[in-house]
Amino acid sequence: MAQITLEKISKSFGSVKALDAVDLEVKDKEFFVLFGPAGAGKTTILKTIAGVEFPDSGLVRIGDRIVNLIDPALRNVSMVFENYALYPHMKVYDNIASPMRSPLHRKSEAEIAREVARVSDLMGISQLMERLPSQLSNGQRQRTALGRCLVRRPNVFLMDEPLAHLDAKLRHLMRTELKAMQTAFDTTTIYVTHDYSEALSLGDRIAILNRGKFEQIGTGDEVYYAPVNEFVARLVGEPEINIVDAELQDVAGECRVGIRAGASIVHYPLPDDIGGKLHASGVGRRIRMGIRGVNIAYKFEKAEGYLPGSVYNLEPIGNKSILTIKTDENLFQTIASNDLSVELDTPVWMYPDPKNMLLFDAADGRFLGRHHQAQLTGRA
Amino acid sequence: MRRGIFEPAFRYAALIVWALFALFPLLWMVIISFKSDAEVFTTTFWFSPTLGNYEAVFKTDYFKYFLDNLIISGCAVLVSVAVGVPAAYALARYQFRGKEDLAFQILSFKFAPEILVVLPVFMIFQWIGLYDTHLGLIWVYQLITMPLLIWVLRGYFEDISVEVEQAAMLDGYKWYQIFLRILLPLIKPGLVSSALLTFIFAWNTFTFPLILAGFKVQPVTVAALRYLASDTVHYGQMAVAAAVTALPEVVLALLIQKHLVRGLSFGAVKG
């Protein structure tokens, strides 16, 4: 029973508006991800729910209760802080045991020993029990902090970038572990991250926060396939989505996207569903066309319907490479296989697949639509 | 190899010179305390030791003065700790208007020479009845003890991230439990060293008690003057008074010297 509701929460730090009349509803037992760039207000939302920061205005509800005036301790939330917030003078064991020694959640020492052992096993820090936080690496500190959070059975877990300082392999492992644990615990979790793959893989729903306001709240598919605006589209996905100026045209009743390439314009007929919709709202206007790197095909010979460009950069990133193609007007990042080897400035032709184009309004960056939007976002 | 012999030799020689320079006045004082008045000027190291001075001094109210000093200095430090810890916490944690001005104001209490403020304080104390009382001295001693304590502890509190306290709140602790279990252990080195240092400052204070007390209450620093009688100066007795007065400080300094420098220069351990 821990649905969390924020109503018109505002919070300023001096002249900086951290949260601007934010509304949010997190369902019971949901794994909810807050995602956004640094300084967006993610941590402030967590701390507001925890009760360690007070909103300037607005209501916080946990379950059916308005908790604005309820002591943080009595809200029964458990939080991982971004800077770990371990007790510097206590050993790892005592840090993890701390919640179970407080008057509110007191357990017998035998039970504490058992629980700490269980959690530290899970976190892979059993051998560090006798150390002080200052004797740990950042990754170990983070796991200790996570352990202290998970040792309880609270209404809500609040996790502020709990995996940010782990190395890649461990992060992946812990991600899986966290997800499994959350399913097992059946506890509402609010999870802050600035890593989009973490957001997509963990979140039942994702809220994208920017400058104290939500840009979009939706499932991973929704924010990936149908971002509400250019900001969200750019934030989700790696490499960053390519968004270029384009023109919406009517050629014999068919709606096409025209992209300039040097002197000429290459046309891409849109699929009927999106084409029809945009056609009805008027053609001949400027729009913005977004295409993700994975949806761009390329050839090293001239081909019909392909945009001419040249190789600008080739960056291997392990199991694949990012090939940057420069046209006269734009740079496009595409995914290439990592066995590709090519000289810089080699002429290349590329094909942005119209079935995967994300179209945005040129004036305000608002999402106009895409092919198969309903099917892809599960709202058919 | 030559350097290996000469360098330590030189170092020890220098240290011995320094030790003599630093300790000789103390030694001189102790020696005088065992001399009779007649021998004070005439003998250097060869004299017939006597306990007469000690007898003479301890027959007076010396221990009362000693106790007065202990009460005043001890209570002054206790008050400073009781007020200074929350004050330092507030200066470290909260944002309020004029915060830095207030912090500077507190520090500036140490700037003015005591003689500058003591006359107005004397008149005020006469007027409100605090003249020549323990309470009055304890109060005015705050000028000596509080600024250092607040400034040292403020640094300690600033080094403790606010999230540590927030984590403790979420763990289910009340504010006073957070203070006792989390904050107090973290500020302990600073608290102990600054409290002991301020105790020594308070113990040595002369100007304030000289003007603001004198009959009912008299700390030993001022009382030592009594042995400068109008007709003769009893150097032997003065030496006794001074030597015994310095004793608690020497003991304290030896006890805390290891922690003193560390406690005042290090912040809380970050973690």
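Worth saying up front: this structure is predicted, and the values here are computed from it rather than measured.

Q: I keep staring at the overall build of chain A and nothing clicks. Help me out?
A: For chain A, the count of helices and strands is 10 helices and 21 strands. Once the C-alpha set of chain A is aligned to its principal axes, its extents read approximately 80 × 45 × 40 Å. Here chain A holds 380 residues, and 54% of them are scored as buried. Sequence separation of at least 24 residues holds for 66% of the intrachain contacts in chain A that already meet a minimum separation of 6. Total accessible area on chain A stands at roughly 16,500 Å², and carbon and sulfur atoms take up 49% of it. A distance of 5 Å separates the average location of the 45 positive side-chain charges in chain A from that of its 48 negative side-chain charges.

Q: Can you help me understand helix 9 (residues 272-280) of chain A in this one?
A: Since the α-helix advances by 3.6 residues per turn, residues separated by three or four positions end up pointing in the same direction. All names here are of chain A. Residues Ile274, Gly275 and Leu278 constitute the buried set of helix 9. The buried residues of helix 9 occupy one face: seen down the axis, they fall within an arc of 100°. Seen from the open side of helix 9, the exposed residues pointing more than 90 degrees away from its buried face are Asp272 and Ala280. Once helix 9 ends, the next one or two residues include Gly282, with phi positive near 110°.

Q: Even after reading the chapter, I still don't get the interface of chain B and chain A, so can you show me in this structure?
A: Bring the parts together and some accessible area is lost; that lost area is often taken as the interface size. Chain B puts 19 residues into the contact, and the matching count from chain A is 26 residues. Summed over both sides, the interface between chain B and chain A buries roughly 2,000 Å², with carbon and sulfur atoms accounting for 62% of that surface. Residue B:Glu163 pairs with A:Lys47 through a salt bridge whose shortest N-O separation is 2.6 Å. Here chain B is connected to chain A by 11 residue pairs in polar contact (both at pLDDT 80 or more). Where the side of chain B that touches chain A is concerned, the elements lending two or more residues are helix 7 (162-171) and helix 8 (175-204) of chain B. For the side of chain B that touches chain A, the class distribution of residues is 10 nonpolar, five polar and four charged.

Q: Can you help me understand the side chain of A:Arg152 in this one?
A: Its place among the elements puts A:Arg152 in the loop between helix 4 (138-150) and strand 7 (156-160). No salt bridge is formed by the buried A:Arg152. Its closest oppositely charged neighbour is B:Asp171, at 4.6 Å. Within polar-contact distance, the side chain of A:Arg152 engages the backbone oxygen of A:Val77 at 3.1 Å. Ignoring sequence-local partners within four residues, the contact set of A:Arg152 consists of A:Asn76, A:Val77, A:Ser78, A:Pro99, A:His105, A:Phe157, B:Leu170 and B:Asp171.

Q: Which parts of the structure should I look at to understand the sheet that holds strand 18 (residues 331-337) of chain A?
A: The strands making up a sheet are joined through hydrogen bonds of the backbone, oriented either antiparallel or parallel. Residues and elements named next belong to chain A. Taken in spatial order, the five strands of this open sheet run 15-19-16-17-18, and their pairing is antiparallel. Edge positions in the sheet fall to strand 15 (296-299) and strand 18, since each has one partner strand and no second. Across the sheet, the mean angle separating the axes of adjacent strands is 45° when strand polarity is ignored.

Q: Hey, could you run me through the pattern of salt bridges in this one?
A: Side chains that differ in charge, positive against negative, can pair when their charged atoms come close. In this structure the tally under the stated criterion is 26 salt bridges over all chains. Through salt bridges with shared partners, one network takes in A:Glu230, A:Arg234, A:Glu240, A:Asp245 and A:Arg288.

Q: What exactly am I supposed to notice about the domain arrangement of chain A here?
A: Residue and element names in this part refer to chain A. Its domain assignment divides chain A into domain 1 (4-230) and domain 2 (242-376). Taking only C-alpha atoms into account, the centre of domain 1 sits 39 Å from that of domain 2. Contacts between the two partners involve nine residues from domain 1, matched on the other side by 13 residues from domain 2. Overall, the association of domain 1 and domain 2 removes approximately 870 Å² of surface from exposure, summing both partners, and the carbon and sulfur fraction of that is 55%. In this assembly, domain 1 and domain 2 are joined by one salt bridge. Close ionic contact of Glu230 with Arg288 constitutes a salt bridge, the shortest N to O distance being 2.9 Å. Inspection of the domain 1/domain 2 interface yields five residue pairs in polar contact (both at pLDDT 80 or more). Examining the composition of the side of domain 1 that touches domain 2, we find that four residues originate from one element, helix 7 (residues 220-225), more than from any other. Class assignment of the residues belonging to the side of domain 1 that touches domain 2 gives a composition of six nonpolar, one polar and two charged.

Here is what the cut-offs are and how they apply
Residues numbered from 1 in each chain as written. Chains lettered and ligands numbered in written order. Predicted model: local features only at pLDDT ≥ 70, side-chain atom pairs only at ≥ 80, totals over all residues. Heavy atoms only, no water. Helix = DSSP H or I, 4+ residues; strand = E, 2+ residues; numbered from the N terminus. Buried < 20%, exposed > 50% of the residue type's maximum accessible area, 1.4 Å probe, protein only. Contact = heavy atoms within 4.5 Å. Areas by Shrake-Rupley, 256 points an atom, 1.4 Å probe, with all protein chains shown as cover. Lys, Arg positive; Asp, Glu negative; His and termini not counted. Charge placed at Lys NZ, Arg CZ, Asp CG, Glu CD. Arc of directions from axis to C-beta. Buried area = accessible area lost by both parts, 1.4 Å probe. Salt bridge = Lys/Arg side-chain N within 4 Å of Asp/Glu carboxyl O. Polar contact = N/O pair within 3.5 Å; in protein donor to acceptor, adjacent residues only side chain to side chain. Nonpolar A, V, L, I, M, F, W, Y, C, P; charged D, E, K, R; others polar. Pairing = 2+ DSSP bridges. Axes fitted to C-alpha atoms, helices over the stretch in contact; angles between N-to-C directions. Domains from an automatic or database assignment.

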